[in-house]
Amino acid sequence: MDNNIPFNSLPDLPPKADLESPTLLKECIKANKLLAELKGFCQTLPDPKLLINTLVLQESKDSSAIENIVTTQDELYKAVISMDEVHQGSSEAKEVLLYREAIYYGLKMMNQRGLTTNTMVAVMQKLKNTTEGIRKNSGTKLANPATKEIIYTPPEGENIIRAKLKALEEYIHNKEDDTDTLIKMALMHYQFEAIHPFTDGNGRTGRILNVLYLVKNELLNLPVLYLSSFIIKNKSLYYKLLKGVTAKGMWHEWIMYMLQAVSQTAGLTLNKISSIQQLKDETIVIAKEALKSAYNRDIVDLIFSYPYIKINTVINNKIAHRQTASAHLKKLSASGILTPHKKGKEIYYINHRLMNLLSN
Ligand SMILES: Nc1ncnc2c1ncn2[C@@H]1O[C@H](COP(=O)(O)OP(=O)(O)OP(=O)(O)O)[C@@H](O)[C@H]1O
Ligand SMILES: [Mg+2]
């Protein structure tokens with residue numbers, strides 16, 4: 001195949017490859033086991049939704065970083081709490097927030113209609129904040145950013161692209177195929193990237209589809225497993241392996257990579273969530289001491305869903321009026337839970353221990 005010619009003969013799934021070799025199955029068992037642990041652990045959490053919000057944000061930042069959108073944690077969290085005020089924040093931070101919206105929107109659509117072409121398009125439109133749909137014009141190519149060398153030219157022609165997406169959709173929903181779900185996810189991810197249905201945002205959309213797929217198949221109850229950070233760290237290998245499938249049918253290597261991504265990430269996520277939970281439990285104890293009878297669980301929830309807050313965040317979330325809010329934040333700062341940080345006219349109160357956990 002020629003990198004410069006649209007790959008219109010991209011075959012539909014499943015590939016004619018051995019998807020059940022002992023090496024693959026061994027890796028597959030390992031990944032499934034770790035994922036099941038993660039799922040089980042999330043089910044024991046008192047308020048998993050709050051934790052997820054923070055994890056999703058982290059994923060949004062990591063995934064957007066693949067495209068070299070530089071967003072510091074600091075910028076990001078400030079933008080998050082400014083969301084209910086004006087849409088200030090930098091445009092990079094906004095992209096990250098859109099990514100998070102795209103995940104939630106994708107989940108909603110998937111639950112209503114499945115992981116269909118429409119869901120895929122909707123996810124991309126949300127995250128790119130565009131009304132553009134499937135590629136209509138020719139000319140989309142993937143180039144090596146350094147050398148500008150063309151590495152892949154995806155299929156062209158809206159009808160062809162739609163037909164391939166339809167086939168992918170059918171493969172995803174085919175109940176008779178008993179291939180392991182994680183192996184199917186690896187196949188699906190390659191296929192989606194190879195179809196490359198949009199002019200841009202295919203990588204980010206594909207990464208969101210992965211987690212949606214895991215939720216759809218009940219390997220997770222909540223969208224908590226994000227492979228972007230693993231993919232960034234192993235990006236050149238990721239590109240090389242995608243290429244390997246197209247050029248040489250190297251499915252084994254590709255699937256191994258994706259399974260290892262799942263294992264590694266599930267382990268890390270499990271550790272991260274349990275550290276966050278532990279920190280939260282400790283924080284509750286200190287906050288009760290600091291606020292005495294004025295203690296209210298909502299304030300702790302707030303600083304665990306927004307690692308940065310301002311007085312207004314407390315007020316807007318209807319936890320307390322200005323005076324009480326201000327007193328609470330001062331007491332929490334004095335007890336070491338929050339660190340005040342003055343920026344211009346604003347004082348940000350940072351849950352720095354949570355920030356440390358998130359950025360490690
Ligand atoms: N040889 C290849 N064949 C098919 N897909 C590829 C190949 N190399 C890379 N890709 C995919 O293309 C994506 C980049 O495409 P695009 O720019 O549309 O996505 P993005 O979301 O804007 O970028 P990024 O993934 O870098 O954040 C990569 O993330 C990868 O998944
Ligand atoms: Mg791009």
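Scroll up for the structure.
This write-up is about the structure you can find in this document. (Residues numbered from 1 in each chain as written. Chains lettered and ligands numbered in written order. Predicted model: local features only at pLDDT ≥ 70, side-chain atom pairs only at ≥ 80, totals over all residues.)

## Describing the sheet that holds strand S4 (residues 339-343)
Strand pairing in a sheet relies on backbone hydrogen bonds. The paired strands run either parallel or antiparallel.
Then comes step 1: A sheet is described by the order of its strands in space; here three strands give the open sequence S3-S5-S4, paired in antiparallel fashion. Every other strand in the sheet has two partners, leaving strand S3 (308-309) and S4 as the edge strands with one partner each.
Then comes step 2: Examined bridge by bridge, S4 and strand S5 (residues 346-350) share five bridges and lie antiparallel to one another. Along S5, the bridge assignment pairs Lys 342 with Ile 347. (Pairing = 2+ DSSP bridges. Helix = DSSP H or I, 4+ residues; strand = E, 2+ residues; numbered from the N terminus.)

## What to know about unusual backbone geometry
Then comes step 1: Pro 14 follows Leu 13 through a cis peptide bond whose omega is -5°.
Then comes step 2: Within the secondary structure layout, Pro 14 lies in the segment before helix H1 (22-44).
Then comes step 3: Of note in this structure, Lys 292 is not a glycine but carries a positive phi near 50°.
Then comes step 4: You can see Lys 292 is positioned in the loop between helix H11 (251-291) and helix H12 (297-305).
Then comes step 5: Residue classification places Lys 292 among the exposed positions, given that 8 C-beta atoms sit within 10 Å. (Buried ≥ 20, exposed ≤ 12 C-beta atoms within 10 Å, placed from the backbone.)

## Observations concerning the environment of Gln 264
Then comes step 1: Mapped onto the fold, Gln 264 is located in helix H11.
Then comes step 2: Judged by local crowding, Gln 264 falls into the partly exposed class, with 17 C-beta atoms found within 10 Å.
Then comes step 3: Put simply, Gln 264 and Ala 31 are 233 residues apart on the chain and 8.2 Å apart in space, counted from C-alpha to C-alpha.

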